[in-house]
Amino acid sequence: MRRCLISANWKMHGTVASVQDYLEKLLERLGADHPEVVFCPPFTLLPTALLIASGSDVAVGAQNCHWETKGAFTGEVAPAMLAELGVRWVIVGHSERRQHFGETDASAAARARAAQGAGLSVIYCLGETLEQRDAGETFAVLERQSAALAGLDPALLAVAYEPVWAIGTGRNATPAQAQEAHAALRRRAGELLGEAAARELRILYGGSVKPDNAAALLAQPDVDGALVGGASLDVEGFCAIIHAAPGSRRGA
Ligand code: PEP
């Protein structure tokens, strides 16, 4: 059965004081019955986040990692360095990394394998651009991008379907568009990881998730959670999204 997973991606936002205040409020408001929650701040804020979240059931994630364990890679962070801090998750292959920093399917796959090798769980991001959707290429793009799943451990994996045209634009995919893509990704995961693993795989939706559209998106049978950017910066909004998630496990 799949437990809903809601993850905050703070991108390049936040200060030590703001993370402290935010997480204290988040932990206060979370309550006992909630989906799995992962908080992904920038690297510099990981120690503060880990300190405040320690002993709680909010996990802390990073937004990227390198594929090598060490070496002359100025500006990069190795998966084991994150694991040593207590980080449990890492976002890999985000469209902003693909768009601005030359991330490719091959480099994202290498990062994901290395992260899992260090014991980290991976949120593997994929999704089509507007041009690709308009050209009718959405499913071909998802098939190509998801090929990387074949080399990954499903026990340490969630996939995030993030149509690029919906990220940070205020224009979310409709629940039907999200469901169609998620169902296709689950079929594809069945081919790559096996049917049993695909039934257990959490496929998150990301792209302008807000308190007012979260419930309809999360009600779709193959939408098992959300990766939330902009709306996760506000603790009240993020809590509203968490509380819009179906409480029960689904699938299988
Ligand atoms: C994201 O950063 O993964 C994201 C989906 O951003 P936003 O919610 O702002 O569209």
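These notes cover the structure that comes with them. Predicted model, so just to flag it, every value in this text is computed and none were measured.

Scoring rules and cut-offs
- Residues numbered from 1 in each chain as written.
- Predicted model: local features only at pLDDT ≥ 70, side-chain atom pairs only at ≥ 80, totals over all residues.
- Heavy atoms only, no water.
- Helix = DSSP H or I, 4+ residues; strand = E, 2+ residues; numbered from the N terminus.
- Core = buried A, V, L, I, M, F, W, Y, C linked by side-chain atoms within 4.5 Å.
- Buried < 20%, exposed > 50% of the residue type's maximum accessible area, 1.4 Å probe, protein only.
- Pairing = 2+ DSSP bridges.
- Axes fitted to C-alpha atoms, helices over the stretch in contact; angles between N-to-C directions.
- Contact = heavy atoms within 4.5 Å.
- Parallel < 35°, antiparallel > 145°, perpendicular 65-115°, else oblique.
- Left-handed = near helix turned anticlockwise from the far one by under 90°.
- Nonpolar A, V, L, I, M, F, W, Y, C, P; charged D, E, K, R; others polar.

A few words on unusual backbone geometry. For Lys11, which is not a glycine, the phi torsion comes out positive at approximately 50°. Position of Lys11 relative to the elements: it lies in the loop between strand 1 (5-9) and helix 1 (16-30). Backbone geometry places Ser208, a non-glycine residue, at a positive phi of 55°. With respect to the helices and strands, the residue Ser208 is situated in the loop between strand 7 (202-206) and helix 10 (214-218).

On to the nonpolar core, then. One finds Ile6, Leu26 and Tyr124 to be the most contacted residues of the largest nonpolar core, which totals 68 residues. Among the nonpolar cores identified, the runner-up in size contains twelve residues, and Leu5, Val38, Ala59 and Leu204 belong to it.

Bringing the sheet that holds strand 6 (residues 157-161) into the picture now. One closed barrel accounts for eight strands, arranged 1-2-3-4-5-6-7-8; its pairing is parallel. With direction set aside, neighbouring strand axes in the sheet form an average angle of 25°. Where strand 6 meets strand 7, four bridges bridge the pair, whose relative direction is parallel. Residue pairing in the sheet places Ala158 in a bridge with Arg202 of strand 7. Sitting on the sheet, helix 2 (residues 46-53) is in contact with strand 2 (36-40) and strand 3 (58-62), with an inclination near 170° to strand 3.

This part is about the packing of helix 7 (residues 138-145) against helix 8 (residues 175-193). Direction vectors running N to C along helix 7 and helix 8 enclose 40°, while the axes themselves pass 10 Å from each other. In terms of orientation, helix 7 and helix 8 fall into the oblique class. Considering the relative orientation of helix 7 and helix 8, their crossing is right-handed. Of helix 8, the residues touching helix 7 (which contributes Phe139, Leu142 and Glu143) are Glu180, Ala181, Ala184, Leu185 and Arg188. Each residue belonging to the contact of helix 7 with helix 8 can be placed in one class, and the counts come to five nonpolar, no polar and three charged.

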